[in-house]
Amino acid sequence: MKRVLIVDDAVTVRMYHRQQVEEIGLKAEEAANGVEALEKMMRDNFDLLLVDVNMPKMDGYRFLKEVRQNPDLMSIPAIMISTEAGEQDEAQAYEAGANYYLVKPVQPEVLQSIVNILVGGTR
Amino acid sequence: MALKKARDIQKSKPKEERRSLKRNFQGLINQLNDPDIQIRRWAARELAGFEQAVEPLCRRLQKEQVLSVQESILNSLLTIGGEEVVKNLIPFLRSDDAGLRNKVIEVLQALPEAVAPYIEKLLRDPDSDVRIFAVDILQVLPHAQVPEWLLQVIRTDDHVNVVAAALDRLAEVGTPEMIPALLEVKQRFANEPYIAFAVDTVIERTKSEA
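Read on for an overview of the structure. (Residues numbered from 1 in each chain as written. Chains lettered and ligands numbered in written order. Predicted model: local features only at pLDDT ≥ 70, side-chain atom pairs only at ≥ 80, totals over all residues. Heavy atoms only, no water.)

### A look at the overall build of chain A
Across its full length, chain A carries 5 helices and 5 strands. Taken over C-alpha atoms, the radius of gyration comes to 13 Å for chain A, in line with the 14 Å a tight globule of 123 residues would show. Each principal axis of the C-alpha atoms in chain A carries an extent, and together these give about 30 × 30 × 25 Å. Each of the 123 residues in chain A was classed as buried or not, and the buried ones make up 58%. Contacts in chain A between residues far apart in sequence, at least 24 positions, make up 60% of those at least 6 positions apart. Here chain A has roughly 5,400 Å² of accessible surface; of this, 47% comes from carbon and sulfur atoms. One finds the centroid of the 13 positive side-chain charges in chain A at a distance of 7 Å from the centroid of its 20 negative side-chain charges. (Helix = DSSP H or I, 4+ residues; strand = E, 2+ residues; numbered from the N terminus. Rg over C-alpha atoms; globule rule 2.2 N^0.38 Å. Buried < 20%, exposed > 50% of the residue type's maximum accessible area, 1.4 Å probe, protein only. Contact = heavy atoms within 4.5 Å. Areas by Shrake-Rupley, 256 points an atom, 1.4 Å probe, with all protein chains shown as cover. Lys, Arg positive; Asp, Glu negative; His and termini not counted. Charge placed at Lys NZ, Arg CZ, Asp CG, Glu CD.)

### What about the interface of chain A and chain B?
If you look at the interface, chain A gives 24 residues, while chain B gives 22 residues. Taken together, both faces of the contact between chain A and chain B bury some 1,900 Å²; the carbon and sulfur share is 56%. Applying the counting rule to chain A against chain B returns 1 salt bridge. Glu84(A) is paired through a salt bridge with Arg101(B); the nearest N and O atoms lie 3.5 Å apart. If you look at where chain A meets chain B, you find 7 residue pairs in polar contact (both at pLDDT 80 or more). Looking at the side of chain A that touches chain B, the elements that each hand over two or more residues are helix H1 (11-23), helix H3 (60-69) and helix H4 (87-96) of chain A. Broken down by element, the residue count for the side of chain A that touches chain B peaks at 6 residues, all from H1(A). (Buried area = accessible area lost by both parts, 1.4 Å probe. Salt bridge = Lys/Arg side-chain N within 4 Å of Asp/Glu carboxyl O. Polar contact = N/O pair within 3.5 Å; in protein donor to acceptor, adjacent residues only side chain to side chain.)

### Focus on the pattern of salt bridges
All names here are of chain A. Inspection of every chain in the model, using the stated rule, returns 19 salt bridges over all chains. In this structure, Arg3 and Asp44 form a salt bridge, with 3.6 Å as the shortest nitrogen-oxygen distance. Of this pair, Arg3 sits in strand S1 (residues 3-7) while Asp44 is found in the loop between helix H2 (34-43) and strand S3 (48-51), placing the two residues 41 residues apart along the sequence. A salt bridge links Arg18 to Glu22, with the shortest nitrogen-to-oxygen separation between them at 2.8 Å. Pair noted here: Arg18 and Glu22 are both in helix H1, with a separation of 4 residues, about one helical turn.

### As for unusual backbone geometry
Residue and element names in this part refer to chain A. With an omega of -10°, the peptide bond running from Lys104 to Pro105 counts as cis. Within the secondary structure, Pro105 sits in the loop between strand S5 (100-103) and helix H5 (108-119). Of note, the phi angle at Lys57 is positive, near 70°, even though the residue is not glycine. We classify Lys57 as exposed; its relative accessible area is 58%.

Any functional reading would require information beyond the geometric quantities listed.
See the structure below:
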């Protein structure tokens, strides 16, 4: 089963995204910030990252930059999901290494369809 | 408390030594702009002993790009503490640098009594991002008024993500008396599945806590 790592400091957001991801047959893991996410990525393999921007300890931009610089992790696709809807925020996300940018709150069908594409199908 | 400590040290020293402390202070302020990272970091750390260092430290923070120096500055500001620090850090909530913004939020969270008088104004800021950061400050703020502030947000704020941030915090501090206000939010944002999900989660948690 393909695995998605949900990185967000908001517990209800993690639960909501987990529900969407599991509904389409993927396994979800959670991390509350970039540091915790990197630790989990050292132990387990993931097929996709869902990443918030504003988080304590390590924000989403810095986390994605770290991922993209690590030869073992750099090819994992990432969707950045932020409350910030400005063009500059989106540009900054792509610059940090995001493959897709979504603005919160995300409609379930939109999230599920993008997730499905980026993991290359759920089977 | 470090704030008192700096003042007490200076008062208790003989005149000559006080002058040298003053020179030392100015020297440290100058070193905050040194091209050498180690010197900037050391100066930032040493300035934790001077309450009058708040403004110069915040001025340096505006242009400082090196994470370890940023951290030293913020640690010193946290040590100094008090309203002056809060007043000078609040403008950083509008910074484009997400990392810096989040670190500033962490410092403000650690100064609950000093930040409390500013929360209501921040929660009424015209910029929804600033209102979200104000709710973020409340995420781990150990202050008795937190539930009341959050209730005010879910009742009055029209921005879905400001309300969403407040709901997330209420998942931890919500009480059964808040259920009518929570159900109202669900109605106000009837087209947002996330809000419905978050409200249901908060209600479920408040019931299980009760």
